Amino acid sequence: MAAQPLTKGRFVQIIIMLIVLIGAFTWRTINHSQALFVDCKYQETCVFNVKNSIVEAVFTRELIKLNVDQSIIDISTPLIVVKPTKNQKEWALPDADHDSGIKMQFTLENNDVYQVSINNYQQ
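Residues numbered from 1 in each chain as written. Predicted model: local features only at pLDDT ≥ 70, side-chain atom pairs only at ≥ 80, totals over all residues. Heavy atoms only, no water.

Asks: Could you clarify how one ought to interpret the overall build of the protein in this entry?
Replies: On a plain count of helices and strands, the protein comes out with one helix and nine strands. Helices (α) and strands (β) of the protein occur, in sequence order from the N terminus, as α-β-β-β-β-β-β-β-β-β. Long-range contacts, defined as pairs at least 24 residues apart, comprise 49% of the intrachain contacts of the protein with a sequence gap of at least 6. Here the protein has roughly 8700 Å² of accessible surface; of this, 58% comes from carbon and sulfur atoms. (Helix = DSSP H or I, 4+ residues; strand = E, 2+ residues; numbered from the N terminus. Contact = heavy atoms within 4.5 Å. Areas by Shrake-Rupley, 256 points an atom, 1.4 Å probe, with all protein chains shown as cover.)

Asks: Can you help me understand the UniProt feature "transmembrane region" (unreviewed entry) in the protein in this one?
Replies: Per the UniProt record, "transmembrane region" (unreviewed entry) is found at residues 12-30. Structurally, residues 12-30 comprises 100% helix and 0% strand, and the distance from its first C-alpha atom to its last is 27 Å. (UniProt positions renumbered as here; feature names shortened; annotations may be inferred.)

Asks: Would you mind going over the pairing of strand β4 (residues 63-68) with me for this structure?
Replies: The side chains of a regular strand alternate, first on one face of the sheet and then on the other. Of the two faces of β4, only one is covered, namely that formed by I64, L66 and V68; the face formed by L63, K65 and N67 stays uncovered. Sheet topology places strand β3 (residues 53-59) next to β4; five bridges connect them, and they run antiparallel. Within the sheet, the bridge partner assigned to V55 lies in β4 and is V68. Here β3 hands over to β4 after three residues, the two strands then running antiparallel side by side. (Buried < 20%, exposed > 50% of the residue type's maximum accessible area, 1.4 Å probe, protein only. Pairing = 2+ DSSP bridges.)

Asks: I tried to follow a nonpolar patch on the surface on my own but got confused; where do I start?
Replies: A grouping of L6, F11, V12, I14, I15, I16, L18, I19, V20 and I22 is seen on the molecular surface, where their side chains present a nonpolar patch of about 910 Å² in accessible area. Relative to the assigned elements, I22 resides in helix α1 (residues 8-31). (Patch = residues over 30% accessible without salt bridge, like charges linked within 9 Å, V, L, I, M, F, W, Y side chains within 5 Å. Salt bridge = Lys/Arg side-chain N within 4 Å of Asp/Glu carboxyl O.)

Asks: Could you clarify how one ought to interpret the nonpolar core in this entry?
Replies: Side chains of nonpolar character tend, in soluble globular proteins, to be buried together. If you look at the biggest cluster of nonpolar residues, it comprises 24 residues, and the most contacted ones within it are F48, F59, I64, L66, M104, F106 and I118. Sorting elements by how many residues they give to this core places strand β8 (residues 102-108) first, with four residues. (Core = buried A, V, L, I, M, F, W, Y, C linked by side-chain atoms within 4.5 Å.)

Asks: Would you mind going over the side chain of S117 with me for this structure?
Replies: Relative to the helices and strands, S117 resides in strand β9 (residues 113-119). Overall, the relative accessible area of 6% leaves S117 in the buried class. When residues no more than four places from it in sequence are discounted, the contact partners of S117 are L36, F37, V38, I102 and K103.

Asks: Sorry, what's going on with the pairing of β3 here?
Replies: Most of β3 is tucked away, with five of its seven residues classed as buried. Both strand β2 (residues 45-50) and β3 contribute to a ladder of six bridges, which runs antiparallel. Opposite T45, over in β3, you have V58 as the bridge partner. In textbook terms, the turn of a hairpin is the stretch between consecutive antiparallel strands, and for β2 and β3 this stretch comprises two residues, one of which, K51, has a positive phi near 50 degrees.

Asks: I would appreciate a short explanation of the environment of L66 in the present structure.
Replies: Relative to the elements of secondary structure, L66 occurs in strand β4. Residue L66 is classed as buried on the basis of its relative accessible area, which comes to 0%. Between the C-alpha atom of L66 and that of T45, which follows or precedes it by 21 residues, the distance is 9.8 Å.

What follows is the structure, given as structure tokens:
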């Protein structure tokens, strides 16, 4: 195939696509959030923030109970759900080593998703 000269229309199309790609990359970079690591220091109650939303984790021998405010609409984790309500969720704690942490994914009202790992909780 023979090389064709670069037309003005094709050049404008390349520039527009370049601007769109740079804009999308910049937007995603600005909105990116790091995983949150919470160290509960083996306390019975642990309070932490997820994007200005207060989360209180209460640990008993078998359960983790999270009290959350209104802006968090969903929490997903591989733990077994015991008793969910609107602002309070309970899960059975794993039998495995609790130093490995509990991994959770919080989804906020604006569809932002945050990864949280809770370490050193009381058991």
